[in-house]
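Close look at the chain arrangement
Each chain, letter by letter, is given below.
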Amino acid sequence: MAINVENFIKLANFYNQVAKTMSAICVTKGGIPIENYVGRFFAADVLEFIVEYGERLIKERNDVGPEIVAVVKKFRTQFDRVRDLTTPTEKPIYEMTLAEFEKVMNI
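Position numbers for residues start from 1 in each chain and track the written sequence from start to end. Thresholds applied to this predicted model are a pLDDT of at least 70 for local features of residues and 80 or more for the giving and counting of side-chain atom pairs; totals over whole chains, interfaces and linings are not thresholded and use all residues. The basis for the side-chain values is all heavy atoms of the structure; hydrogens and waters are excluded.

**Focus: the confidence of the model for the protein chain**
Formally: Values of pLDDT, ranging from 0 to 100, describe the predictor's confidence in every residue of the model. Numbering goes from the N terminus for both helices and strands, where a helix is a DSSP run of H or I of at least four residues and a strand is a run of E of at least two.
For the protein chain, the average pLDDT comes to 88, and 93% of its residues sit at 70 or higher. Ranking the elements of the protein chain by mean pLDDT puts helix α4 (residues 98–105) last, at 76, and helix α1 (residues 5–28) first, at 95.

Okay, here's the thing in structure tokens:
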């Protein structure tokens, strides 16, 4: 995917739709709190991707408007609140070799 403003806007719109859908699901399920909804992990991963995409866009392109910078900043703030919900980038412990495990654990 080429890094450009149009793709960032599509991603931002997708995330906004996911957030609305999650809210609607929580209401339909009896008003469960959003922090108890299992889809919050997916939303956190999507938000992480969009923030990274937006930050790369700002870094690599000179034609990014201030409104895009503001949206990236807003998404960064939201992401900082849910950072602990994202999927780890390392292999699960049960798939690691002993050497990989020792490296992760700083042993």
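**Concerning helix α3 (residues 66–82)**
The periodicity of an α-helix, 3.6 residues per turn, causes residues three or four places apart in sequence to face the same way. Put simply, the rule reads: Expected helix span is computed as 1.5 Å times (number of residues minus one). When a residue's accessible area, from a 1.4 Å probe over protein chains only, is under 20% of the maximum for its type it is buried; when over 50% it is exposed; and in between it is partly exposed. The contact definition used throughout considers only heavy atoms, calling two residues in contact when any of these lie within 4.5 Å.
Look at α3: 25 Å from first C-alpha to last across 17 residues, which is about the 24 Å you get at 1.5 Å a residue. Looking at α3, one finds that the buried residues are Ile68, Val72, Phe75, Arg76, Gln78 and Phe79. Contact partners of the buried residues in α3: α1 and α2 (40–60).

**So, the environment of Asp45**
For Asp45, the position within the fold is in helix α2. The exposure class of Asp45 is partly exposed, given its relative accessible area of 23%. Considering only alpha carbons, one finds Asp45 and Val71, 26 residues apart in sequence, at a separation of 17 Å. The contact partners of Asp45, leaving out residues within four places of it in the chain, are Thr86 and Thr87.

**Focus: the packing of aromatic side chains**
The following threshold applies: Side-chain rings of Phe, Tyr and Trp, where Trp is taken by its six-membered ring, are said to pair if the distance between their centres is within 6.5 Å; with planes under 30 degrees apart they count as stacked, over 60 as edge-to-face, and otherwise as tilted.
The final tally for this structure, using the stated rule, is two aromatic pairs. On the basis of an interplanar angle of 80° and a centroid distance of 5.6 Å, the ring pair of Tyr15 and Phe75 is categorised as edge-to-face. Taken as a pair, Tyr15 in helix α1 and Phe75 in helix α3 lie far apart in primary sequence, 60 residues in all. Across the pair, exposure class does not vary: Tyr15 and Phe75 are buried alike. Ring centres of Phe49 and Tyr53 lie 6.3 Å apart, and the angle between their planes is 35°; on these two criteria the pair is classed as tilted. Within this pair, Phe49 and its partner Tyr53 are both found in helix α2, separated by four residues, close to a single helical turn. On the basis of relative accessible area, Phe49 is assigned to the partly exposed category, the value being 46%.

**With respect to the layout of surface pockets**
Note the following rule: Space inside and on the surface of the protein is sampled on a 1 Å grid over the protein atoms alone, with a cavity defined as a set of points where a 1.4 Å probe fits but cannot get out and a pocket as an open set with protein on both sides within 12 Å along at least 5 of 7 lines; lining residues have an atom within 4 Å of a point. Grid points are joined across faces, edges and corners, and a volume is the space filled by probe spheres set on the points. Polar here means any residue outside two lists: the nonpolar Ala, Val, Leu, Ile, Met, Phe, Trp, Tyr, Cys and Pro, and the charged Asp, Glu, Lys and Arg; Gly therefore counts as polar.
By volume, the largest pocket is sized at about 310 Å³. At the level of elements, α1, α2 and α3 are the ones that each hand at least two residues to the lining of the largest pocket. Across the lining of the largest pocket, the residue classes break down as nine nonpolar, two polar and three charged.

**With respect to the pattern of salt bridges**
Condition: By salt bridge we mean one thing: a side-chain nitrogen of Lys or Arg within 4 Å of a carboxyl oxygen of Asp or Glu.
Under the criterion given, the structure shown has five salt bridges. Of the charged contacts, one joins Asp63 and Arg61 as a salt bridge, the two residues approaching to 3.2 Å between their closest N and O atoms. Residue Arg61 is classed as partly exposed on the basis of its relative accessible area of 33%. Among the ionic pairs, Arg76 bridges to Asp80, the shortest N-O distance being 3.5 Å. Of the two residues, Arg76 and Asp80 both sit in helix α3, four residues apart, roughly one turn of that helix. Residue classification places Asp80 among the partly exposed positions, given a relative accessible area of 41%. Here the salt bridges share partners, and the residues they tie into one network are Glu52, Glu55, Arg76, Asp80 and Arg83.

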